[in-house]
Amino acid sequence: MREDYQRIHARVSLDAILENMESMKANIAPGTGIMAVIKTDGYGHGAVPIARALEPLDYCQGFAVATAEEAFILRRAGIRKPVLVLGFTFPYSYRRMIREEIRMTVFLPETLSELSGAVRELGAQGAGKKARIHIKVDTGMNRIGIRPDAEGLSFVKEALDTDGIQVEGIFTHFARADETDKTAVRHQLDSFRNFTDLIEKETGYKIPIRHCSNSAGIVELPEANMDMVRAGITLYGLWPSGEVKRDIIALHPALSLHSRIVYIKEIGVGDEVSYGGIFRASSKMRVATIPAGYGDGYPRGLSGRGDVLIRGKRAAILGRICMDQFMVDVTQIPEAAMGDEVTLIGRDGEEEITMEQLGELSGRFNYELACNLGKRVPRVYIKGGGVLCTRDWYEDF
Ligand SMILES: *Cc1c(COP(=O)(O)O)cnc(C)c1O
């Protein structure tokens, strides 16, 4: 490992991500494609190396991101497969989106006319491209989207009739697919299916790509596969919630987080550790200092709770997590020494600390924890068992 990555680094196994794709593929209908959701820089794992690893898979139908800028990064990195921006796109990026064939989520009538205008202007400049859109239908999330009603239907008709616009897809998003009780999600699914059937009946046109499933849907709702599914959290080997059944598909966590011991000392009875003295020793102890903290995205909520792994054993966090350092108890690990690797997330021997456990302990949750892993954490990508490449925010400056 590079010496300058000793303080902290995340290992991201592209092998695990590819295995997770295969697990999902094996659980969906043969004709259903998978769109890999790599918003927020691939849930903190790194969107570009992941997109490059997945693009060659024939059933990988493309990539979904949250913003225009995230889509531009993928194109700049040479990704050619379809990219869909799931959220609202602000008009300043329409022209670039059209030129780069980035699919946009649309649900407002004014967007149709603005996009059509942008296509016309670009056409006059010789770029004869249409704006490809996916219509968002709100079936219960109440976030963005047209309603599946008469007004919604006339919006779809208008989209189909607008010059320069190609309606490539239509989709909805589940609010409660990760719960054991599937009543609400079935209601959303029925409402979406009835609406797309109505569109087909009323317009005689079948919108090519209908999609609704997120990760929880991929695992537990085979009836919601349709033309494509959107795989987010499961791609990274993480679970949508504690309620999703774990025996349907196998997932492998892709990311682990590592640091090193930089200092070890003994403290005596009554000595306090870290800010605020929330930990006070009641006996003689051996304490190790780890040079990582909430500045790296390691949650301050783990203060006084949670463990790290050293030499395959658990060491409890003592006192508050600081911005750049924290302390752990190595009294029961006498072999622990300066320079030892410390696993903050991941496996060491028989022990494992999962993103889910840390999410729970810190009062956050696994999605948020992964997304918030900081810029100061270099990412090291593993493929075929070896290091494929690294990504390092410092080197961009
Ligand atoms: C984030 C997101 C997803 C992926 O959700 P997961 O639970 O991570 O699978 C799918 N669709 C939309 C619209 C999203 O915003």
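The paragraphs below set out a description of the structure included in this document.

The rules behind each value
- Here the residue index of a chain counts from 1 through its sequence in written order.
- Given that the model is predicted, a residue must reach a pLDDT of at least 70 before its local features are reported, and side-chain atom pairs must reach 80 or more before they are shown or counted; all residues, however, enter totals for whole chains, interfaces and linings.
- Calculated side-chain values reflect all of the structure's heavy atoms, with hydrogen atoms and water omitted.
- Helix and strand labels come from DSSP, where a helix needs a run of H or I of at least four residues and a strand needs a run of E of at least two; each type is numbered from the N terminus.
- Burial classes follow relative accessibility: with a 1.4 Å probe on protein chains only, a residue under 20% of its type's maximum area counts as buried, one over 50% as exposed, and anything between as partly exposed.
- Should any heavy atoms of two residues lie within 4.5 Å, those residues are considered in contact.
- Per-residue and other accessible areas follow the Shrake-Rupley method at a 1.4 Å probe size, with only the shown protein chains counted as cover for residues.
- In this tally, Asp and Glu contribute negative charge and Lys and Arg positive charge; neither His nor the terminal groups of the chain are included.
- All charge positions are set by atom: Lys at NZ, Arg at CZ, Asp at CG, Glu at CD.
- Nearness is judged by heavy atoms alone; a residue qualifies as near a molecule or strand once a single heavy atom is within 4 Å of it.
- We call two N or O atoms a polar contact when they sit within 3.5 Å, provided that within protein one can donate a hydrogen and the other can accept it, with sequence-adjacent residues counted only if both atoms are side-chain atoms.
- Whether a set of points on the 1 Å grid over the protein atoms alone is a cavity depends on a 1.4 Å probe fitting there but being unable to get out, while an open set qualifies as a pocket with protein on both sides within 12 Å along at least five of seven lines; lining residues are those with an atom within 4 Å of a point.
- What decides whether a molecule sits in a cavity or pocket is whether more than half of its atoms lie within 2 Å of the grid points.
- The classification used treats Ala, Val, Leu, Ile, Met, Phe, Trp, Tyr, Cys and Pro as nonpolar, Asp, Glu, Lys and Arg as charged, and all other residues, Gly among them, as polar.
- Cysteine sulfur atoms that pair up within 2.5 Å are treated as a disulfide.
- In the sections that follow, a salt bridge refers to a side-chain nitrogen of Lys or Arg positioned within 4 Å of a carboxyl oxygen of Asp or Glu.
- Grid points are joined across faces, edges and corners, and a volume is the space filled by probe spheres set on the points.
- Aromatic contacts are taken between Phe, Tyr and Trp rings whose centres are within 6.5 Å, Trp giving its six-membered ring; a plane angle under 30 degrees counts as stacked, one over 60 as edge-to-face, and the others as tilted.
- When the NZ atom of lysine or the CZ atom of arginine is within 6 Å of a ring's centre and also within 35 degrees of its normal, the charge is said to sit over that ring.

A few words on the overall build of the chain. Each helix and strand counted, the chain has 11 helices and 21 strands in total. Viewed in the frame of its principal axes, the chain has a C-alpha envelope of about 80 × 50 × 40 Å. Residues classed as buried in the chain amount to 53% of the 397 residues present. For the chain, contacts bridging at least 24 residues in sequence account for 66% of all contacts bridging at least 6. Carbon and sulfur atoms provide 50% of the accessible area of the chain, an area that totals close to 17,400 Å². The centroid of the 50 positive side-chain charges in the chain is displaced by 2 Å from the centroid of its 54 negative side-chain charges.

Now for the site of the ligand. In the vicinity of the ligand, the contacting residues are Val37, Lys39, Tyr43, Leu86, Arg143, His173, Asn214, Ser215, Arg230, Gly232, Ile233 and Tyr367. Here a nitrogen atom of the ligand sits 2.8 Å away from a polar atom, N or O, in the side chain of arginine 230. Here the ligand has 380 Å² of accessible area as a free molecule, and 92% of this is covered by the chains. In a pocket analysis with a 2 Å cut-off to the grid points, the ligand is assigned to the largest pocket. In terms of residue class, the shell around the ligand is built from 5 nonpolar, 4 polar and 3 charged.

Here the focus is the side chain of histidine 134. Inspection of the secondary structure puts histidine 134 in strand 6 (residues 131–137). Exposure remark for histidine 134: the relative accessible area of 1% places this residue in the buried category. For histidine 134, the contacting residues outside a window of four places in its chain are Leu84, Arg103, Met104, Thr105, Val106, Glu168, Gly169, Ile170, Phe171, Ile209 and His211.

Looking now at the state of the cysteines. Per the stated rule, a full pass over the model turns up 0 disulfides. In this structure cysteine 371 is not part of a disulfide, and its nearest cysteine sulfur, from cysteine 60, lies 19 Å away. Residue classification places cysteine 371 among the partly exposed positions, given a relative accessible area of 26%.

By the element assignment, lysine 182 lies in the loop between strand 7 (165–172) and helix 8 (183–203). Residue class for lysine 182 comes out buried when judged on its relative accessible area of 11%. At a separation of 2.8 Å, a polar atom in the side chain of lysine 182 contacts the main-chain carbonyl oxygen of alanine 177.

Once that is clear, we can look at the pattern of salt bridges. The final tally for this structure, using the stated rule, is 26 salt bridges. Among the salt bridges present, the one from glutamate 168 reaches arginine 132, with a minimum N-O distance of 3.8 Å. Remark: arginine 132 occurs in strand 6 and glutamate 168 occurs in strand 7; sequence separation between them is 36 residues. The buried category is assigned to glutamate 168, whose relative accessible area is 10%. Take arginine 132: its relative accessible area is 26%, and that puts it in the partly exposed class. For arginine 347, the salt bridge is made with glutamate 352, and the minimal N-O distance between the two is 3.1 Å. What emerges from the salt-bridge pattern is a single network uniting Glu101, Arg103, Lys129, Arg132 and Glu168.

So, about the environment of proline 109. Looking at the element boundaries, proline 109 is found in helix 6 (residues 109–124). Residue class for proline 109 comes out partly exposed when judged on its relative accessible area of 39%. Here the alpha-carbon distance between proline 109 and threonine 180, two residues 71 residues apart in the chain, equals 37 Å. When sequence neighbours within four positions are dropped, the list of residues in contact with proline 109 reads Phe155 and Glu158.

On to empty space enclosed by the protein. Going through the model one piece at a time under the given rule, you end up with 3 cavities of 30 Å³ or more. The calculated volume of the largest cavity comes to roughly 60 Å³. Surrounding the largest cavity, Ile170, Thr196, Ile199, Glu200, Tyr205, Lys206, Ile207 and Arg210 form its lining. Considering each element in turn, the lining of the largest cavity owes the most residues, 3 residues, to helix 8. Per-class residue counts for the lining of the largest cavity are 4 nonpolar, 1 polar and 3 charged.

The subject of this paragraph is the packing of aromatic side chains. Under the defined criterion, the tally for this structure stands at 7 aromatic pairs. Relative to phenylalanine 90, the ring of phenylalanine 88 has its centre 4.9 Å away and its plane inclined at 85 degrees; by these criteria the two rings are edge-to-face. One aromatic cluster is present, built from ring pairs that chain together Tyr43, Tyr236, Phe365 and Tyr367. Directly above the ring of phenylalanine 72 sits arginine 96, whose terminal nitrogen or CZ lies 3.9 Å from the centroid.

This part takes up the layout of surface pockets. Taken as a whole, the largest pocket holds about 650 Å³ of empty space. Lys39, Tyr43, Arg143, His173 and Tyr367 are the residues nearest the centre of the largest pocket, which is lined by 29 residues in total. At the level of elements, helix 2 (39–43), helix 9 (215–220) and helix 11 (366–371) are the ones that each hand at least two residues to the lining of the largest pocket. When grouped by side-chain class, the residues that make up the lining of the largest pocket number 17 nonpolar, 6 polar and 6 charged. Approximately 340 Å³ is the volume attributed to the second largest pocket. Around the second largest pocket, the lining comprises 14 residues; the ones closest to its centre are Asp41, Lys375, Arg379, Arg391 and Trp393. For the lining of the second largest pocket, a count of residues per class yields 4 nonpolar, 3 polar and 7 charged.

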